[in-house]
Structure formats: structure tokens, C-alpha cells
Amino acid sequence: MVILIKAAQLILILSIIVVLHEGGHFAAAKLFKTKVERFFLFFDVKFALFKKKIGETVYGIGWLPLGGYVKIAGMIDESMDTEQMKTPPKPWEFRAKPAWQRLIIMLGGIIVNLILSIVIFTVLTYKDGETYLDVNKLTNGVVVDSAQIRLGMQPGDIPVGVNGERFDAMKDIYSRALIDGGELNVKRNEQIINLPISTDNQVDMLEQKVAYFMPVTAITIDSVLVDGTAYKAGLEKGAVLNKINNKEINSWNTFAGEVTANANKTITLEVIQNGEEKTIEIPVNSEGKIGVAPSLDFSEFTSTKTFTFGQSIAEGVNKTFSIITDQAQSFAMLWKLKGKAVKYLSGPIGIANNLPAVWDWTYFWTFTAFLSAVLAFMNVLPIPGLDGGHAVFTIYEMITGHKPSDKFMEVMQMIGAIILIGLMVFVFGNDIFNLFFN
């Protein structure tokens, strides 16, 4: 059931984003009286799940959920239909239109994806405001485990900024430290200490994600599986964890790591349960689990900022273009980290695996807005075969007055297809490897 819920969320998100992206191309083409031969959600390799011709366009749904496409008459695209290019241009064909119209048709999908992201973020911001982990409320600092020690942090340290820029939201400190590197600014005994961020520290951040900076708070058991070893040993929901094998428990990661390290052994757990201090001996199964889940309630450390509708629009624009900027900077970061960061890249399988196991509409729409902005960024890249590649050649034509030959465009399209297929093979291969070996 969990797999089905995650898969349904991903397919619906992709369907919304892809239909609107291709709809942007479609609307722009129709605006300039250009014939659109096909409009497909997902790819119909060999066959389609559904198709129907309405007017001059065949609408359909393919079986391969890796995107979608519109086939515009008189354009060299991924279909590699070059027969139509052997005849003189028809008035309704893409190639017969002025360069500025062709450019708008090419950018139509990107523009719609940006609008979608801005609209969703605007509505969510106006409706819910912005709730964030407030560094100003972390009186006891953040959890300091081995990863944080490698950065030079000490118990009680409170991250307050990166490279001299202060932030209230912990997520902003995390993202800037991860992407920009440089120095982490922490408050230690009322003084600001600057800690250099190495590439190894950035890899630690990638591995732990937002859990890298977690406030120090009591770890409470939220649920205990009835068929788990913890239940059979007497551990109950609501128990507060103190020590495991005589080691202080300062985070869920510390606890889970110690449990995993004692697979097929017995751990000694010191807890406060029903108001009493107890010591419980719990066998750990061969998978390094005892069948418990934590209650991570950080509400006492959060703040919520509300916005007027006008401010929400500005926030929607800011969040959308911040995602695009971060994506661009992430490429530089990944290049810097080289092979160390490859296993943290996610494709469709990895994305689906990280979706929540229960349907959460706020998360759903937030993730839709995020992926829509990412798709806009990916498509604007000047790679042959993508919208950005077509746009570059069209801009070249507008500047020089010389249109690239059909043969040149065919070669570029093939090169782009090879690049994109190679990327897909790499991304899917990386997803599968991570699924089974990480």
C-alpha cells in the first residue's frame, strides 16, 4: 500500500507538471496559428494507453512516465521526422514562422512551469504562512554527533549563519552551508565562532539532509510495533530515551545508529516510562531493528511568519527563483565534490522513495511547485534537444540573421538525444544501485 501511495503521488505530480509544460508549447503554437500534430502525456514508445484525434491534433497518454511531448509541424524534434522538411514550408508550419514567434513557442513550456511554481508557492504562503525551525529558540544548541564533531562543533553550539550572513531559519543555514561552503558561524558561550566547511562536511550534510542540524530535545517513542522485539521486551509508547548501552542518547540518529550496530545482539536501554526510570534489555534483529519509531516534536523551537497577499506573491516569486539559483549552484557543488556526491543524486525512483507514505496535500503541492521550478531550470539549459538548446539556435538566428541548416539541426538533435539517454541511464542506474546497496 505504501508503495502504491508513493507511486500515485509521483505520477500525479508528473502528470500536472508535464501537461502544463507541454500545454505552454501548445498554447504558444496555437497563438501563432502553428499546427500541432500530437499532444502526449508520457511517451508512447511503440504503443499508447490512450489516444484520440480532435481537430488536427492527436491527444494521448503514453505508457512510459518520463515526460511528455507536443509534435509541432515543421520542426525537427525528438521524433526525428525529417520527411516533412523535404517539402517547401507551409504557412502553418513552425519553420515558416518568424524567429521571435518560434522563440516564444520554444519557451512556452518553461514560462508555464515558472508560473505554476509561483502560483502554488503564493497560495501556500498566503494560506499557511511559513513555519520554520527558529535558531533564536535553540537555547540548548543542536545535536552534536560524529558528523558535527568533524566540522568542529561542540555540544551547546547554535548555528546562526554562513559566511557572515545571519539567518533565523535553520533550513536557510543548512542550504547555504551545503551549497556555498565557506564558514559556518556558530554561537558558542555568547561568542561567534567561524568553522571552515570542508567537502567532507558537505558530504555529511548531503547524507543527513535537514537532520544535520537538529535541536537538542528529549527523544520520545511514538509507536512500538507489536511484532517487534521492543514490544516483547516491555517498551511502551511515550517512553523517553535516556541511555543505550550506557551511552547518552542526544538524537534519534545516535540511537538508531547504535541499534543498527548491535544487530543480532542485545542492547540495554535506560528510559523513563510511566514516570519511572527503567532499564530494559532488548534483542536486536538481524536487520538491526527493534520495531520502534520516534516522536519528533520540535514545535517549541519553531516560529511562523504570516504574509499579506501581496507579500505572498513576492514570496512565491522569490521561492521559485531561489530554487533555480540553488539548482545552478548545486551543479558547481557537485562538480567540486566529484564522486563523493553521486550516490545522493535522485531520479524518479529516488524521488518516489522519498515521498511520504501517507497523502499530505500540503507536501504534495509544495513538492509539485519545487519540481515545476526544477523542470523549468533543466529545460532552459542549452542542451541540444531541450527547449534551451532550441532557444539558443533561434537567438543565434535572430542576432546573425542566418538560420542553422536543417542538416545541422538534425545532427544537434541526435547529439542531444544521446546526451539525454545517457543521463537517463545514469540516473536510473544510480537510483537502482542506491535502492539495493545503500
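Residues numbered from 1 in each chain as written. Predicted model: local features only at pLDDT ≥ 70, side-chain atom pairs only at ≥ 80, totals over all residues. Heavy atoms only, no water.

## Considerations on helix 10 (residues 361-380)
Alright, step 1. Taking 1.5 Å per residue as the helical rise, helix 10 with its 20 residues ought to reach 28 Å, and the 29 Å between its terminal C-alpha atoms agrees with that figure.
Alright, step 2. For helix 10, the full list of buried residues reads F364, F367, T368, A369, L371, S372, A373, V374, A376, F377 and N379.
Alright, step 3. Capping of helix 10 at its N-terminal end is provided by D360; its side-chain oxygen lies 3.0 Å from the backbone amide nitrogen of T362. (Helix = DSSP H or I, 4+ residues; strand = E, 2+ residues; numbered from the N terminus. Expected span 1.5 Å × (residues − 1). Buried < 20%, exposed > 50% of the residue type's maximum accessible area, 1.4 Å probe, protein only. Polar contact = N/O pair within 3.5 Å; in protein donor to acceptor, adjacent residues only side chain to side chain.)

## What about a nonpolar patch on the surface?
Alright, step 1. The grouping of V45, F47, L49, F50, I61 and W63 at the surface amounts to a nonpolar patch, some 580 Å² of accessible area in total.
Alright, step 2. Going through the elements one at a time, strand 1 (36-54) and strand 2 (57-72) are the ones with two or more residues in the nonpolar patch.
Alright, step 3. Tallying contributions element by element places strand 1 first for the nonpolar patch, with 4 residues.
Alright, step 4. Using a relative accessible area of 33% as the deciding quantity, one classes I61 as partly exposed. (Patch = residues over 30% accessible without salt bridge, like charges linked within 9 Å, V, L, I, M, F, W, Y side chains within 5 Å. Areas by Shrake-Rupley, 256 points an atom, 1.4 Å probe, with all protein chains shown as cover. Salt bridge = Lys/Arg side-chain N within 4 Å of Asp/Glu carboxyl O.)

## Thoughts on unusual backbone geometry
Where the residue is not glycine, phi is negative for most of them; where a peptide bond is considered, it is trans in most cases.
Alright, step 1. The backbone of F42 sits at a positive phi, close to 70°, despite the residue not being glycine.
Alright, step 2. With respect to the helices and strands, F42 occurs in strand 1.
Alright, step 3. Phi is positive for K46, which is not a glycine, with a value near 75°.
Alright, step 4. In this structure, K46 sits in strand 1.
Alright, step 5. For K46, a relative accessible area of 84% gives the class exposed.

## Some remarks on the environment of A293
Alright, step 1. Here A293 lies in strand 13 (residues 292-295).
Alright, step 2. A relative accessible area of 25% places A293 in the partly exposed class.
Alright, step 3. Between the C-alpha atom of A293 and that of W252, which follows or precedes it by 41 residues, the distance is 9.3 Å.
Alright, step 4. Once you skip the residues sitting within four places of it in the chain, A293 turns out to touch T220, I221, D222, S223 and W252. (Contact = heavy atoms within 4.5 Å.)

## Some thoughts on helix 7 (residues 252-261)
Alright, step 1. Residues of helix 7 that are buried include every one of F255, E258 and V259, and no others. Summarising the axial view, the buried residues of helix 7 lie within an arc of 100°, below the 170-degree limit, and thus occupy one face.
Alright, step 2. Contacts made by the buried residues of helix 7 are with strand 9 (240-244), strand 10 (247-248), strand 11 (266-273) and strand 13. (Arc of directions from axis to C-beta.)

## Things to note about the packing of helix 2 (residues 99-128) against helix 8 (residues 309-337)
A pair of packed helices can be characterised by two numbers: the angle between their axes and the separation between those axes.
Alright, step 1. Interaxial distance between helix 2 and helix 8 falls to 7 Å at its minimum, and their mutual angle equals 130°. Compared by their axis directions, helix 2 and helix 8 come out oblique. Crossing handedness for the pair helix 2 and helix 8: right-handed. Contacts between helix 2 and helix 8 involve L114, S117, I118, F121, T122, T125 and Y126 from the first element and F309, S312, I313, E315, G316, V317, K319, T320, F321, I323 and I324 from the second. (Axes fitted to C-alpha atoms, helices over the stretch in contact; angles between N-to-C directions. Parallel < 35°, antiparallel > 145°, perpendicular 65-115°, else oblique. Left-handed = near helix turned anticlockwise from the far one by under 90°.)

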